[in-house]
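Here is how the chains run, residue by residue.
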Amino acid sequence: MTTLSDRPHTALMVIDVQKGVVADAHQRDAVVANIRTLVDRARAEGVPIVWVQHSDDHLQKGSEAWEYVPELARQESETLVHKTFGDAFEDTDLEEVLAEAGVGRLVVTGAETDACVRSTIHGAFVRGYDVTLVGDAHTSQDQSAWGAPPPDMVIAHTNLYWQYETAPGRTAGVTETKDVTFGRST
């Protein structure tokens with residue numbers, strides 16, 4: 001249903017599951033395990049995987065904190081997008097990568113829920129993509145010291161509002177790891 005009618009394919013997106021991003025994240029091990037399940041399933045089904053890796057002043061490119069967690073190993077043939085903004089589409093080649101692969105639907109996982117995940121799902125949706133957020137495969141650190149709700153509430157709220165997101169000609173939705181399909185429906 002995407003507005004990108006010439007893009008019938010789906011891709012799995014793994015956002016910023018880096019050592020320094022998820023070290024203290026809410027339910028880190030369970031979320032990483034769910035992402036690993038999806039990566040394995042996508043590979044088995046021949047679904048493209050797009051790995052997104054953030055860098056900035058606090059997450060130096062090449063540092064140990066910048067590296068992906070050891071449980072998730074990108075294969076050389078899988079796309080890696082480097083970013084410096086929350087939205088993985090901003091100032092990157094992500095749009096070109098997805099267009100070349102004929103991708104019009106994204107299944108999104110990663111970190112952090114209230115920053116890069118949220119920015120990227122909104123960025124994809126306004127660019128015409130169908131976007132399915134995997135509700136048990138994204139996480140966030142506790143930012144309550146700065147006035148944010150606790151991470152479980154941030155995750156629950158994001159899952160709640162994303163399942164009701166609407167716009168002409170595209171779909172949004174939330175599903176659990178066990179229910180993910182890489183077909184066209186959400």
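Here, the structure is the one placed above.
Quick summary incoming for the structure in this document. (Residues numbered from 1 in each chain as written. Predicted model: local features only at pLDDT ≥ 70, side-chain atom pairs only at ≥ 80, totals over all residues. Heavy atoms only, no water.)

**Concerning the overall build of the protein**
Turning to step 1, where the next piece is worked out: Broken down by element type, the protein carries five helices and seven strands.
Turning to step 2, where the next piece is worked out: Mapped in sequence order, the helices and strands of the protein form the string β-α-α-β-β-α-β-α-β-α-β-β.
Turning to step 3, where the next piece is worked out: In terms of C-alpha radius of gyration, the protein reaches 15 Å, essentially the compact-globule figure of 16 Å for 186 residues.
Turning to step 4, where the next piece is worked out: Over its C-alpha atoms, taken along the principal directions, the protein stretches across nearly 45 × 35 × 30 Å.
Turning to step 5, where the next piece is worked out: A buried classification covers 49% of the 186 residues belonging to the protein.
Turning to step 6, where the next piece is worked out: Contacts in the protein between residues far apart in sequence, at least 24 positions, make up 80% of those at least 6 positions apart.
Turning to step 7, where the next piece is worked out: With an accessible surface of roughly 8,600 Å², the protein has 51% of that area assigned to carbon and sulfur atoms.
Turning to step 8, where the next piece is worked out: Positive and negative charge centroids in the protein, built from 15 and 29 side chains respectively, lie 4 Å apart. (Helix = DSSP H or I, 4+ residues; strand = E, 2+ residues; numbered from the N terminus. Rg over C-alpha atoms; globule rule 2.2 N^0.38 Å. Buried < 20%, exposed > 50% of the residue type's maximum accessible area, 1.4 Å probe, protein only. Contact = heavy atoms within 4.5 Å. Areas by Shrake-Rupley, 256 points an atom, 1.4 Å probe, with all protein chains shown as cover. Lys, Arg positive; Asp, Glu negative; His and termini not counted. Charge placed at Lys NZ, Arg CZ, Asp CG, Glu CD.)

**Observations concerning unusual backbone geometry**
Turning to step 1, where the next piece is worked out: Geometrically, the link from Ala111 to Glu112 is a cis peptide bond, its omega value of -15° lying close to zero.
Turning to step 2, where the next piece is worked out: One non-glycine residue with positive phi stands out, namely Gln27, at about 50°.
Turning to step 3, where the next piece is worked out: Note on placement: Gln27 falls in the loop between α1 (19-22) and α2 (28-45).
Turning to step 4, where the next piece is worked out: A relative accessible area of 52% means that Gln27 is categorised as exposed.
Turning to step 5, where the next piece is worked out: One non-glycine residue, Asp91, lies in positive phi territory at about 60°.
Turning to step 6, where the next piece is worked out: Inspection of the secondary structure assignment puts Asp91 in the loop between β3 (79-83) and α3 (94-100).
Turning to step 7, where the next piece is worked out: Its relative accessible area of 67% is what places Asp91 among the exposed residues.

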